[in-house]
Amino acid sequence: MKLPVSSRDNKGLLIRDHVYNTLKNNIMELKLEPGRLISEKEVIEMLQVSKTPIREALVLLAQEDLIETVPQKGTYISLIDLSLVEEARFVRETMEREIVRRACQDLKTEQIMQLQHLHSLQQLCVEEKNYERFFELDEEFHRTIIVGCGKPHTWSMLEQMNVHYNRVRILRLADDEDWRLILEQHQAIIQAIREKDPDRAEKVMGEHLSRVRYEKEELKIKYPTYFK
């Protein structure tokens, strides 16, 4: 598998950043599956770049706990750590339940319309069975609510915590193409915000985010080699 990497992408990122983004996306989307051995030589062949940017990118990925090196054995794609998944879920659910209450008062009409637009785009992803794009839109849905309430740093903090949590979410989407409940819950959240009903918004958001607690156990049974 070769993943072409230009010297700079359309945002002017350095080769190292492009290598990092390419590897991270493939890890997050499970194209480089948990537990997989990965060598520097293999990455050079995959990305057609020199050793230096690859080594720098691997350091960044190790800092995010996406790869780990075992002495005398090699470098592996990190297994999904369920303790980190649960911690991220707890923090995200706790914060977003409070934030969505504020959204019922703080979000402007244009932002509510944006949430509805994102919901419509997710419906198209269902028809196309595009779980990668569905996940991206899901992230944008939650980011719109949080940032719309004036909490951009909260979103940044959640992004840093959500690496293992998001791997479980993506695995669930890839494993099961029935995403109707997610769409129903998103629509219920939009409706509660539109009607300025904070109790209803908080209830649905809690139900929406707590699903990972049950799904992760099912996924661990189905994909035992992916988890610590």
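Our structure's up above, just so we're on the same page.
Small disclaimer: the values here were computed from a predicted structure and weren't measured. (Residues numbered from 1 in each chain as written. Predicted model: local features only at pLDDT ≥ 70, side-chain atom pairs only at ≥ 80, totals over all residues. Heavy atoms only, no water.)

**Quick notes on the pairing of strand 1 (residues 67-70)**
Consideration 1: Strand direction decides the pairing type here: strand 1 and strand 2 (residues 74-77), joined by 4 bridges, are antiparallel. The partner of isoleucine 67 across the bridge, within strand 2, is isoleucine 77.
Consideration 2: Connecting strand 1 to the antiparallel partner strand 2 that follows it, the hairpin turn spans 3 residues, and glutamine 72 within it adopts a positive phi of roughly 65°. (Pairing = 2+ DSSP bridges. Helix = DSSP H or I, 4+ residues; strand = E, 2+ residues; numbered from the N terminus.)

**Points about the packing of aromatic side chains**
Consideration 1: If you walk through the whole model with that rule in mind, you get 2 aromatic pairs.
Consideration 2: Judged by centre distance (4.6 Å) and plane angle (40°), the ring pair of phenylalanine 134 and tryptophan 179 falls under tilted. Highlighted residues: phenylalanine 134 in helix 6 (residues 131-148) and tryptophan 179 in the loop between helix 8 (163-175) and helix 9 (180-194), separated in sequence by 45 residues. Take phenylalanine 134 and tryptophan 179: they sit in the same class, and that class is buried.
Consideration 3: Each ring, one from tyrosine 223 and one from tyrosine 226, has its centre 5.3 Å from the other, and the planes form 20°; the classification is stacked.
Consideration 4: On the basis of relative accessibility, which here comes to 22%, the residue tyrosine 223 falls in the partly exposed class. (Phe/Tyr/Trp six-rings, centres within 6.5 Å; stacked < 30°, edge-to-face > 60°. Buried < 20%, exposed > 50% of the residue type's maximum accessible area, 1.4 Å probe, protein only.)

**Notes on helix 1 (residues 15-28)**
Consideration 1: The first and last C-alpha atoms of helix 1 sit 20 Å apart over 14 residues, in line with the 20 Å expected at 1.5 Å per residue.
Consideration 2: Within helix 1, the full set of buried residues consists of Asp17, His18, Val19, Tyr20, Thr22, Leu23, Asn26, Ile27 and Met28.
Consideration 3: Residues of helix 1 that are buried sit in contact with helix 2 (40-47), helix 3 (51-63), strand 1, strand 2 and helix 8. (Expected span 1.5 Å × (residues − 1). Contact = heavy atoms within 4.5 Å.)

**Remarks on the nonpolar core**
Within soluble globular proteins, side chains that are nonpolar tend to cluster in buried spots.
Consideration 1: Counting residues in each nonpolar core, the largest one holds 65 residues, and the members touching the most others are Leu23, Leu61, Ile145, Ile189, Ile193 and Phe227.
Consideration 2: At 8 residues, helix 4 (residues 82-106) tops the list of elements feeding residues into this core.
Consideration 3: Once you skip the residues sitting within four places of it in the chain, isoleucine 189 turns out to touch Val100, Phe141, Ile145, Val204, Met205 and His208. (Core = buried A, V, L, I, M, F, W, Y, C linked by side-chain atoms within 4.5 Å.)

**Comments concerning the layout of surface pockets**
Consideration 1: Put simply, the largest pocket is a space of about 720 Å³.
Consideration 2: Lining the largest pocket are 24 residues, with Lys24, Met28, Glu139, Glu159 and Asn166 positioned closest to its centre.
Consideration 3: Of all the elements in the fold, those that place two or more residues in the lining of the largest pocket are helix 1, helix 4, helix 6, helix 7 (152-161) and helix 8.
Consideration 4: The dominant element in the lining of the largest pocket, judged by the number of residues it contributes, is helix 6, at 6 residues.
Consideration 5: Taken together, the residues of the lining of the largest pocket break down into 8 nonpolar, 5 polar and 11 charged. (1 Å grid on protein atoms, 1.4 Å probe; cavity = no way out; pocket = protein on both sides within 12 Å on 5 of 7 lines; lining within 4 Å. Points joined across faces, edges and corners; volume = space filled by probe spheres on them. Nonpolar A, V, L, I, M, F, W, Y, C, P; charged D, E, K, R; others polar.)

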